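Listed below are the residues making up each chain.
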Amino acid sequence: GETLPAEAVEVSVVGHVLLGQQAMFRPPDDYKGWYPDPILNFTSRADIPQGDSQSFWLRIRAPRKQAPGAYTGRVAVKIGVAEAWSCPVDVRVRAFAVPRKPPMDIVINFDPVGAFHGPRGYTAVEPPDLHDKPASNYPAHHPVNLWLPRKMEWVDFLADYGITYKSHGSTGWEPDFEVVQHLKAQGRLGLWNLGVGRIYGQQKWHFGAKQRQQLIERLRKYRYRYDRAKELGLIDENCYTQTTDEVPEASMELAREFVELVREAYPGLQFLSAGGRFTGYEDILVPEISRYVDPDRQAEWDAARAQGKRVLWYIAHGIPPYPGIELEAHAMEPRLMLGAMQAEHRPDGFLFWQSSIWNAEHPIAAGPYTHWPAISHIAKWSPVTHGN
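Residues numbered from 1 in each chain as written. Predicted model: local features only at pLDDT ≥ 70, side-chain atom pairs only at ≥ 80, totals over all residues. Heavy atoms only, no water.

### Some remarks on the overall build of the protein
Of the regular secondary structure elements, the protein holds 10 helices and 16 strands. Taken over 388 residues, the protein has a buried fraction of 45%. Across the protein, every contact between residues at least 6 apart in sequence was considered, and the portion connecting residues at least 24 apart equals 69%. Looking at the protein as shown, the accessible area adds up to about 20900 Å², and 53% of this sits on carbon and sulfur atoms. (Helix = DSSP H or I, 4+ residues; strand = E, 2+ residues; numbered from the N terminus. Buried < 20%, exposed > 50% of the residue type's maximum accessible area, 1.4 Å probe, protein only. Contact = heavy atoms within 4.5 Å. Areas by Shrake-Rupley, 256 points an atom, 1.4 Å probe, with all protein chains shown as cover.)

What follows is the structure, given as structure tokens:
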């Protein structure tokens, strides 16, 4: 006599995006054309030209108090009002609830305002100074401006997937204490970035007297973030700052000096660093996946954990034979990475640099073939990436 409520069932059209350029790390003769990707949950109907195939995404969420057992139903496809095809659907509800917070650390940035890169064919604009001000540099119809009033809906949507809204620092970025408190009250707060100082290591950088003074001034400028977090009782194992990112060996001593300054200014704050080399001051180490699984470095990760540190892994681009999430990557790759590979290699979590580079001028309003540009990385010296 038990039933799944109607609102537990969602049917959506799977939309398509056009991939037309040479992709980074992919052979030149790779398929170019329409790829299925966005789930268009605003519609369950689609016009399908003869000869095309079209996917529909069926999602069934069992309420947390649903009685466990097997539920049987039926899915039907209609053309107009006439039923064209149907099949049975069996759903098994397990006798446990999925944890409200993931058992692993997830650091995936979501920051549409600070992430706009402006690919070829689009005009790059500067993002606004603060997250809670209108994105005045964007037209009113831009996805960023339509997103801002619905921020808290996104916060809960992302938390359903274990993602804490805003994880990295970028231009115009600020920690959002309203969001942090909201997720903590729900028991769903994961790692979140206080963002008080960060250096990038792709270019050789110099830490002279002038740069040192600039850093000290920046640390004073952002002191209010630390004081506010402390006042709210948020300086704990979930609160971190990302201090270094892919620092080269030649700059390592300077990086250590940088981190020492931050540690002195912000006692008790967790430090996260990403890349292949670390200063020794980190609480959270995030090597790239190829380095994490390197047999020659296992002793390094074991020693870090023995000291109470956490060791995550990350991907930047899917460079074969390692998994990626670009649209050209096989759909099995992210499933392997966060499934079988997670179980085999036991990282403490996963970091990914950005999930919201919205380079379109308009949101998706129709489908299944959308206007949404899938290009997510542009550089004059390299091909593009799609969905990265």
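There is more to say after this.
### Looking at the pairing of strand β10 (residues 270–274)
Of all 5 residues that make up β10, 5 are buried, and the element is covered over most of its length. In the classification by handedness, the crossover that spans strand β9 (residues 239–245), the intervening helix α6 (residues 252–265) and the parallel β10 is right-handed. Pairing geometry for β10 and strand β11 (residues 284–286), over 3 bridges, is parallel. Among the inter-strand pairings, Ala-274 is bridged to a residue of β11, identified as Val-286. (Right-handed = clockwise from strand over helix to strand, strands pointing away. Pairing = 2+ DSSP bridges.)

### Overview of the nonpolar core
Counting 56 residues, the largest nonpolar core has Trp-192, Leu-194, Tyr-266 and Phe-350 as the members making the most contacts within it. The residues contacting Phe-350, other than those within four sequence positions of it, are Met-104, Asp-105, Ile-106, Val-107, Ile-108, Leu-312, Trp-313, Ile-315, Met-337 and Leu-338. Ala-274, Ile-284, Val-286 and Leu-351 belong to the second-largest nonpolar core, a separate cluster that totals 10 residues. (Core = buried A, V, L, I, M, F, W, Y, C linked by side-chain atoms within 4.5 Å.)

### Some points on the packing of aromatic side chains
According to the stated counting rule, one finds 13 aromatic pairs in the structure shown. On the numbers, 6.2 Å between centres and 55° between planes, the contact of Phe-110 with Tyr-165 is tilted. Note that Phe-110 is positioned in the loop between β6 (105–108) and α1 (143–147) and Tyr-165 in the loop between α2 (151–160) and α3 (177–186), a separation of 55 residues in sequence. Judged by relative accessible area, which is 4%, Tyr-165 ranks as buried. (Phe/Tyr/Trp six-rings, centres within 6.5 Å; stacked < 30°, edge-to-face > 60°.)

### Points about α6
Look at α6: 20 Å from first C-alpha to last across 14 residues, which is about the 20 Å you get at 1.5 Å a residue. Every buried residue of α6 is accounted for by Met-252, Ala-255, Phe-258, Val-259, Leu-261 and Val-262. (Expected span 1.5 Å × (residues − 1).)

### Concerning the sheet that holds strand β1 (residues 9–19)
Taken in spatial order, the 3 strands of this open sheet run β2-β1-β3, and their pairing is antiparallel. Only two strands of the sheet have a single neighbouring strand rather than two, namely β2 (33–40) and β3 (56–60). This sheet shows a mean twist of 35° between the axes of neighbouring strands, independent of strand direction. In this structure, β1 lies alongside β3, joined through 5 bridges in antiparallel fashion. (Axes fitted to C-alpha atoms, helices over the stretch in contact; angles between N-to-C directions.)

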